[in-house]
Amino acid sequence: MIRVLIAEDDLQCFRQLEQFLTDYSGETGRVFQVTHYDNGEDLVERYQPEFDLLLLDVDMPFLDGMTAAGHIRRVDPEVVIVFVTNLAQYAIQGYSVNALDYILKPLNYFSFAQRLTRALRYVKKRENEYLTVAVKGGALKLEVGSIYYIERLGHHLMFHTREGVHASSATLQQMEEALGDKGFARCNKGYLVNLAHVSGVRDGCAVVQGDKLLISRGRRGPFLDALADYVGGISG
């Protein structure tokens, strides 16, 4: 599912964009979840880094789309931004907030579909590099490579990362499914380890950033096999 935020104060234009997404979904099979804001001020105040694609109208009340994008970039540096505008010169300004593209008004489906196809290629790339997890009060987007290991602690998960430790209400099984093809493996029932950060195996433990994580007897074989495959793939 692609999470799309549309910021557009013109309801007719929003409905048209929403319909274009529905039409595109019917043609390609991609599924979209749409969130709508009708002004830049509310968007900035309520924004959470949980979206894959932002379609931002430039000319909005209270706070224009370009300024709103600048605020959003401070909390979500990687989200794909596409501006919707009737002035092509805004495309140049868009580079200042690392916007991917722009869609010109009046809208037409053919041009929209072309722009959307391009944007979704970048979304797919980001899906492979980032993980969005539920945290208290919202969501947190983590760079997969920055995660050292994930620890189950009671009813919560603790994400040990380069930036610090983050608590989440997700389950370890959910994370194992989400990260299974990204070089992660369980060393016991309570830890999911990023194999890229394993510096060695000593005393029956995986050493990850100086922490020694016990490798259980039942998971020793699969974990060491996964580690050997990972190291072999990197060296190959």
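Residues numbered from 1 in each chain as written. Predicted model: local features only at pLDDT ≥ 70, side-chain atom pairs only at ≥ 80, totals over all residues. Heavy atoms only, no water.

Turning to the overall build of the chain, a few remarks are in order. A tally of helices and strands in the chain yields seven helices and 15 strands. Within the span of the chain, comprising 236 residues, buried residues form 43% of the whole. Within the structure as shown, the chain displays about 12,400 Å² of accessible surface, and the carbon and sulfur contribution to it stands at 49%. (Helix = DSSP H or I, 4+ residues; strand = E, 2+ residues; numbered from the N terminus. Buried < 20%, exposed > 50% of the residue type's maximum accessible area, 1.4 Å probe, protein only. Areas by Shrake-Rupley, 256 points an atom, 1.4 Å probe, with all protein chains shown as cover.)

Here Leu120 lies in helix α5 (residues 109-127). Looking at Leu120, the relative accessible area reads 4%, which means it is buried. Note: C-alpha distance between Leu120 and Val80 (40 residues apart in sequence) is 8.7 Å. In contact with Leu120, not counting residues within four places along its chain, are Ile2, Tyr24, Arg30 and Phe32. (Contact = heavy atoms within 4.5 Å.)

In total, this model carries eleven salt bridges according to the counting rule given. In this structure, Asp57 and Lys105 form a salt bridge, with 3.3 Å as the shortest nitrogen-oxygen distance. One end of the pair, Asp57, is in strand β3 (residues 53-57); the other, Lys105, is in the loop between β5 (101-104) and α5, with 48 residues separating them in the sequence. According to the relative accessible area criterion, Asp57 is buried, its value standing at 4%. Since its relative accessible area comes to 23%, Lys105 is described here as partly exposed. One network of salt bridges, with partners in common, ties together Glu8, Asp57 and Lys105. (Salt bridge = Lys/Arg side-chain N within 4 Å of Asp/Glu carboxyl O.)

With that out of the way, let us pick up unusual backbone geometry. Here the bond from Lys105 into Pro106 is cis, since omega is -5°, no more than 30 degrees from zero. Of note, Pro106 is situated in the loop between β5 and α5. Although it is not a glycine, Asp203 sits at a positive phi angle of roughly 55°. Position of Asp203 among the secondary structure elements: in the loop between β13 (198-202) and β14 (205-208). Despite not being glycine, Gln209 shows a phi value in the positive range, around 50°. Looking at the secondary structure, you find Gln209 in the loop between β14 and β15 (211-214).

Considering the arrangement of structural elements, one finds Lys141 in strand β7 (residues 138-143). At 3.3 Å, the side chain of Lys141 forms a polar contact with the backbone oxygen of Phe51. One polar contact links Lys141 to Asp76, side chain to side chain, over a distance of 3.1 Å. (Polar contact = N/O pair within 3.5 Å; in protein donor to acceptor, adjacent residues only side chain to side chain.)

Below, the discussion takes up the sheet that holds β14. On the basis of which strands lie adjacent, the open sheet formed by three strands has the order β13-β14-β15 and antiparallel pairing. What marks the edges here is a single partner per strand, and that holds for β13 and β15. Adjacent strand axes in the sheet meet at a mean angle of 30°, parallel and antiparallel pairs treated alike. Bridge analysis of β13 against β14 gives four bridges, and the strand direction is antiparallel. Bridging from a neighbouring strand, Val198 pairs with Val208 of β14. (Pairing = 2+ DSSP bridges. Axes fitted to C-alpha atoms, helices over the stretch in contact; angles between N-to-C directions.)

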